[in-house]
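Now for the letters of each chain:
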Amino acid sequence: MLEIKDLHVCVAEDPSEKILKGVNLTIGKGEIHAIMGPNGSGKSTLSKVVAGHEAYEVTQGDILFEGESILELDPDERAHKGIFLAFQYPVEVPGVTNKNLLRQALNTIAKEQGREELDPLEFEDYAHEKLQLVDMKPEFLERSVNAGFSGGEKKRNEIFQMAVLNPKLSFLDETDSGLDIDALKIVANGINQIADEEKSVVMVTHYQRILDYVQPDFVHVMIDGKIAKSGEKDLALKLEEQGYDWLHEEVAVSVNGEQN
Amino acid sequence: MTKLKQTKQTFLQDLLDFQGSLNGKSQFLDEVRLKAADEVRNTPFPHRKDEDWRFISLRDLYSDNYQLADGMEVSLPDISEHYLPESEGARMVFVNGSFSEKHSSTEALPEEVEIGNLADFASEDHPLVKEHLGKYGNFEGDVFSSFNAAFLSDGVFIHVPEGLKVDTPVHLLFVQTDAEVNYFATSRSLVLADANSEITIVEDYIGLGNNKYFNLPVFEVNLEEKAFVKHTKIQRESKEAIHVARTGAFVAKHANYESYTITLGAKLSRNEPRISQRDEEVEFTVDGLVLIDGDQVSDTHSVMDHRFSHAESHQLHKCVINGKAHSVFNGKIFVRKDAQKIDSFQENRNLLLSRKGLVNTKPQLEIFADDVVCTHGATVGQLEEDEVFYLKSRGLNDQQARELLIYAFALETIENIAVDSVQKLLVDEVHKYTERQLDSQLTT
C-alpha cells in the first residue's frame, strides 16, 4: 500500500532545518501500524508529508502509494487516491457545517474515482450510519466544522470524517492525545470498526494507552528523524515501562558503529 | 490661486453652475437646491490633508470630467435578472439616477404605504417630505451631501404609517448603464417608518458595464417609536466607478435599525453611515462586508452617536482584500454626556489575501459618560495555510478550500440578512471573488 524510501525532509522555508533523515517504512494492505517516539522526533511531520503539506520539502527519497510516487501530487489529489490524515489539531471552520464540508469532500473524491456522487438525501442516510461509529448525534452534522468543539469532539469528528470518506490509508496524528478514557474508547472503537483487511491505519502517538484498545500489527519508534526500531506490540509495552532513553543509547551506539 | 481653489475649478464646479440655471420640479426643491448650491460654494472639497480623508486619494474624482447623467442618451439592456424574487411588486428602479416608472412596480405593497418618486411627492408639497428631507442625511460641513442636495430631483420616498408591518421587502434598484462618456448621477432616498411599523429595504447599486462614472447617493431613514427597519445595502458598481454615499438614520425610543452594507464594486467607494439616537432605549446594527481586489479602494467612515441612555449598538465590519486593493475603516463611537448604560460593540476584521493589499483601520471612541460598556477591536489576518491544507486533505481543491474559508469568514456579516435571495447572491459573489483570486494567482 505505502512504501516510504529513504525519506529526507526539511522545512521548506528553512532548508537547514532537517526533520526527517532517511525514513524507511512499508505499510501493507489491511495492516495497523503504530509510530511512537518522543516530542520532536519527526512523527507528526511524517504524517503531514504523506498527506502533502507544503510547509515541508522532500530533499531525498520517495513515497510510493500503490506503487506510484505521490511526491508531485497536491494534498487534494492524494485524498482522491485514498489517503487521509486525522489532524492533531483539527481546524475550526465556523460557518461551514460538517454536512456541507463532508458532502463536498465525499463527492469530489467520488467524482475523481469515477464513482457516483450522492445527493443530499442519500448523503444524509450514509452519514447517519457513520455517526454511530463514533457515538455522535445527527445534530452533529449541522454544526460548524470543529467550531467551539471540545478537544474530544474534535478528535471524534476526525474519525467520523475518516469513516465518511472511507480512505484506503489513514494516518492518525495523535488522535488519542487529550482524550479522557471514555472518549478514547469511543475513538478506538471507531477505528476498529473502520479498519478492515482492505484498509491500512497508521497511528502516530506518544502513549501506549490507545494501543490497549486498537491492536497494532507493528510498532515503530522514531528518534531524531529516523525509525530507530521496529517490532510488534510488546515494543510499545517496553517503551511504556522504560521510556525512550535506552533507544537513544542504541541509536548512538549504532551511529558510532557506522562511523567505525 | 491656492491648491484648494484650483480644486474647486474642476468639473464639479462646472456641474454646479450648470445646474444652477435649471428649474427643479417644485418650488420647495428649488429652494433646497439653491441653498445647497450655496453651501457647496462655501465648503472646501476634501483633500488628503483633511483628517477624515487622509487614507485615500480623490484625484480621479477631481481630475476626470463627468457630465450630468440627466438627459443623457441611455441604452438599457434587459435588467430583469437583477430583480429580487421576494420583491415582485415592491420594486423601484432608477437608471443613472433617474426614476424609471416602466421598470418599477409597487402593487404588492399595502395601499397605506406611500411609495414613489421623491420628486413627485416634493412637487405636490407633501408635508412629510418638507418636514424630513435633509434632516438626517445632510451632514454638516460635508460638501458631498450638499452636492447631492444641489442636484436633488428623483429619488425614493417611502412612508410606512403607524402600526403597519410590511412583509414584502422593498427592492430599490439603482442601475448605472454603460456609456461612452463619464457621467455623474445622484439619488436621494427618504424612508419614514412611523411608530410600531416595520419594513425591510434592499438598496442595490449595480453597474452594468466597466465604465467610469460618479455616483453620489444619499439615504435618509427616520424611525419613530418602536419602529423596526431592516436595511441592506449592496454596492456592486462598475470596477471603474466612484461611489460616495451617505446614510443617515435617526432612531426613536424602542426602535431598532438594523443595517448591513455590502461593498463589492467600484474603483473607489466611500460609505458614511451615521446612526443617531433620538431618545432612550434604542437598538441599532451597522454591520458591513467588503470584498475587494485589483486596485479597488473601499473606505467606510461610520458614526454611531449615542445621545441618550440605554442603547445597544453593534458594528461588525469585515473586509477581504486581495491584489492591490485598499480597505479603510474609521469607526467613530460617540457617547454623549449623561448617555449612561450604553452597550456598544465594534469590531473590524480584515482578511488580507495578498502581499500588496493594504488595510487602514481606526476605531475612534469618544466617551463622555461613565457608566458604559464599549468593546472595540481591529484585526488583520490572512488565510492560514494550515486551514487550506486541512480542507485540501479532505479532497477539496485549492479554490474550493479557499472559497469555503472566505465564505466562512464573511458569513457572520451576511447570515442575518432577512432576504434569502440576497444571501444567495452574496454566496455567488464570494464564489466569483475566489475564482478571480485563483485566476490572478495563476497569472502572477
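What you see is a predicted model; the values in this text were computed from it and never measured. (Residues numbered from 1 in each chain as written. Chains lettered and ligands numbered in written order. Predicted model: local features only at pLDDT ≥ 70, side-chain atom pairs only at ≥ 80, totals over all residues.)

Asker: Would you mind showing me how to read the overall build of chain A here?
Answerer: For chain A, the helix and strand inventory stands at eight helices and 12 strands. Relative to the globule expectation of 18 Å for 260 residues, the C-alpha radius of gyration of chain A, 19 Å, shows essentially globular dimensions. Its C-alpha atoms put chain A at 65 × 40 × 35 Å along the principal axes. In chain A, which comprises 260 residues, the proportion classed as buried is 43%. Across chain A, every contact between residues at least 6 apart in sequence was considered, and the portion connecting residues at least 24 apart equals 70%. (Helix = DSSP H or I, 4+ residues; strand = E, 2+ residues; numbered from the N terminus. Rg over C-alpha atoms; globule rule 2.2 N^0.38 Å. Buried ≥ 20, exposed ≤ 12 C-beta atoms within 10 Å, placed from the backbone. Contact = placed C-beta atoms within 7 Å.)

Asker: Would you mind going over the overall build of chain B with me for this structure?
Answerer: A count of helical and extended segments in chain B gives 10 helices and 20 strands. Relative to its length of 444 residues, chain B is compact, with a C-alpha radius of gyration of 21 Å against a globular reference of 22 Å. With respect to the principal axes defined by its C-alpha atoms, chain B has extents near 65 × 50 × 50 Å. Counting all 444 residues of chain B, 50% fall into the buried class.

Asker: In this structure, what is going on with the UniProt feature "domain: SUF system FeS cluster assembly SufBD core" (unreviewed entry) in chain B? I would like to understand it.
Answerer: The UniProt record annotates "domain: SUF system FeS cluster assembly SufBD core" (unreviewed entry) at residues 183–409 of chain B. With 9% helix and 63% strand, the stretch residues 183–409 of chain B has end C-alpha atoms that lie 36 Å from each other. (UniProt positions renumbered as here; feature names shortened; annotations may be inferred.)

Asker: So what exactly am I meant to see when it comes to the interface of chain A and chain B here?
Answerer: Many descriptions give the size of an interface as the accessible area lost when the pieces come together. Counting residues at the interface gives 23 residues for chain A and 18 residues for chain B. Of all the secondary-structure elements, those providing two or more residues to the side of chain A that touches chain B are helix H2 (75–81), strand E7 (93–97), helix H3 (98–112) and helix H5 (151–165) of chain A.

Asker: Mind showing me how you'd approach unusual backbone geometry here?
Answerer: Most peptide bonds are trans, and most residues other than glycine sit at a negative phi. You will see that Asp6 of chain A, though not glycine, has its phi angle at about 45°, which is positive. Mapping Asp6 of chain A onto the fold places it in strand E1 (residues 2–11). Looking at Asp6 of chain A, the number of C-beta atoms within 10 Å reads 12, which means it is exposed. Although it is not a glycine, Asp125 of chain B sits at a positive phi angle of roughly 55°. Within the element layout of this structure, Asp125 of chain B appears in the loop between helix H5 (118–123) and helix H6 (127–132).

Asker: Just checking my understanding: could you explain the packing of H3 of chain A against helix H4 (residues 120–131) of chain A for this structure?
Answerer: All names here are of chain A. Contact geometry of H3 with H4 gives a least axis separation of 11 Å together with a crossing angle of 105°. What the angle tells us is that H3 and H4 run roughly perpendicular. From H3, Lys99, Leu102, Arg103 and Leu106 reach across to H4, where they touch Pro120, Phe123 and Ala127. Here the contact of H3 with H4 is built from residues that sort into five nonpolar, no polar and two charged. (Axes fitted to C-alpha atoms, helices over the stretch in contact; angles between N-to-C directions. Parallel < 35°, antiparallel > 145°, perpendicular 65-115°, else oblique. Nonpolar A, V, L, I, M, F, W, Y, C, P; charged D, E, K, R; others polar.)

Asker: What should I look at first to understand the sheet that holds strand E5 (residues 68–69) of chain A in this one?
Answerer: Strand pairing in a sheet takes place through backbone hydrogen bonds and is either antiparallel or parallel in direction. Residue and element names in this part refer to chain A. A sheet is described by the order of its strands in space; here four strands give the open sequence E2-E1-E4-E5, paired in antiparallel fashion. Where the open sheet ends on each side, the last strands, each with one partner, are strand E2 (14–27) and E5. As defined by bridge partners, strand E4 (residues 56–65) adjoins E5 across two bridges and the pair is classed as antiparallel. Bridging from a neighbouring strand, Leu64 pairs with Ser69 of E5. Relative to the sheet, helix H1 (residues 43–51) contacts E1, E2 and E4, its axis offset from that of E4 by approximately 70°. (Pairing = 2+ DSSP bridges.)

Asker: Any chance you could explain the pairing of strand E3 (residues 98–105) of chain B here in plain terms?
Answerer: Note on strand geometry: in a regular strand, side chains alternate between the two faces of the sheet. Residues and elements named next belong to chain B. Here strand E2 (residues 91–95) runs beside E3; their pairing, made up of four bridges, is antiparallel. Directly across from Phe94, in E3, lies its bridge partner Phe99. Hairpin geometry of E2 and E3 is characterised by an intervening segment of two residues between the two adjacent antiparallel strands and by a positive phi of about 50° at Asn96.

Asker: Could you clarify how one ought to interpret the domain arrangement of chain B in this entry?
Answerer: Residue and element names in this part refer to chain B. Domain parsing of chain B yields domain 1 (3–279) and domain 2 (386–444). Measuring from the centre of the C-alpha atoms in domain 1 to the corresponding centre in domain 2 gives 31 Å. Listing elements by their share of the side of domain 1 that touches domain 2, those giving two or more residues are strand E8 (198–207), strand E10 (228–236) and strand E12 (256–263). The element best represented in the side of domain 1 that touches domain 2 is E10, accounting for three residues. Grouping the constituent residues of the side of domain 1 that touches domain 2 by class yields eight nonpolar, two polar and two charged. (Domains from an automatic or database assignment.)

Asker: I'm lost on H5 of chain A in this one. Help?
Answerer: Along an α-helix, residues three or four apart share an orientation, since each turn contains 3.6 residues. All names here are of chain A. Taking 1.5 Å per residue as the helical rise, H5 with its 15 residues ought to reach 21 Å, and the 21 Å between its terminal C-alpha atoms agrees with that figure. Within H5, 12 of the 15 residues are buried, leaving the element largely enclosed by the surrounding structure. When we look at burial in H5, the residues that qualify are Lys154, Lys155, Arg156, Asn157, Glu158, Ile159, Phe160, Gln161, Met162, Ala163, Val164 and Leu165. Summarising the contacts, the buried residues of H5 are in contact with strand E6 (83–86), H3, H4, strand E9 (169–173) and helix H6 (181–194). After H5 finishes, the residue Asn166 shows a positive phi value of roughly 55°. (Expected span 1.5 Å × (residues − 1).)

Asker: Would you mind showing me how to read the sheet that holds strand E16 (residues 311–321) of chain B here?
Answerer: All names here are of chain B. If you trace the 10 strands from one edge of the open sheet to the other, you get E3-E2-E6-E8-E10-E12-E14-E16-E18-E20, paired in mixed fashion. For this open sheet the edge positions go to E3 and strand E20 (372–381), each flanked by a neighbour on one side alone. Here the average twist between neighbouring strands, direction ignored, is 10°. In terms of strand pairing, strand E18 (residues 342–352) meets E20 through 10 bridges, oriented parallel. For Ser344, the partnering residue across the bridge sits in E20 and is Cys374. Strands E12, strand E14 (282–292), E16 and E18 of the sheet are contacted by helix H9 (residues 398–414), whose axis makes an angle of about 155° with E16.

Asker: Would you mind showing me how to read the environment of Gln215 of chain A here?
Answerer: Residue and element names in this part refer to chain A. Tracing the backbone through its elements, the reader meets Gln215 in the loop between strand E10 (200–205) and strand E11 (218–223). Separated by 130 residues in the primary sequence, Gln215 and Leu85 have C-alpha atoms spaced 19 Å apart. Residues within four places of Gln215 in sequence aside, it is in contact with Ile32 and Lys233.

Asker: Sorry, what's going on with the environment of Leu102 of chain A here?
Answerer: Residues and elements named next belong to chain A. Relative to the elements of secondary structure, Leu102 occurs in helix H3. With 24 C-beta atoms packed within 10 Å, Leu102 lands in the buried category. With 63 residues separating them along the chain, Leu102 and Leu165 place their C-alpha atoms 7.8 Å apart. Other than its neighbours up to four places away in sequence, Leu102 contacts Ala127, Gln161 and Val164.

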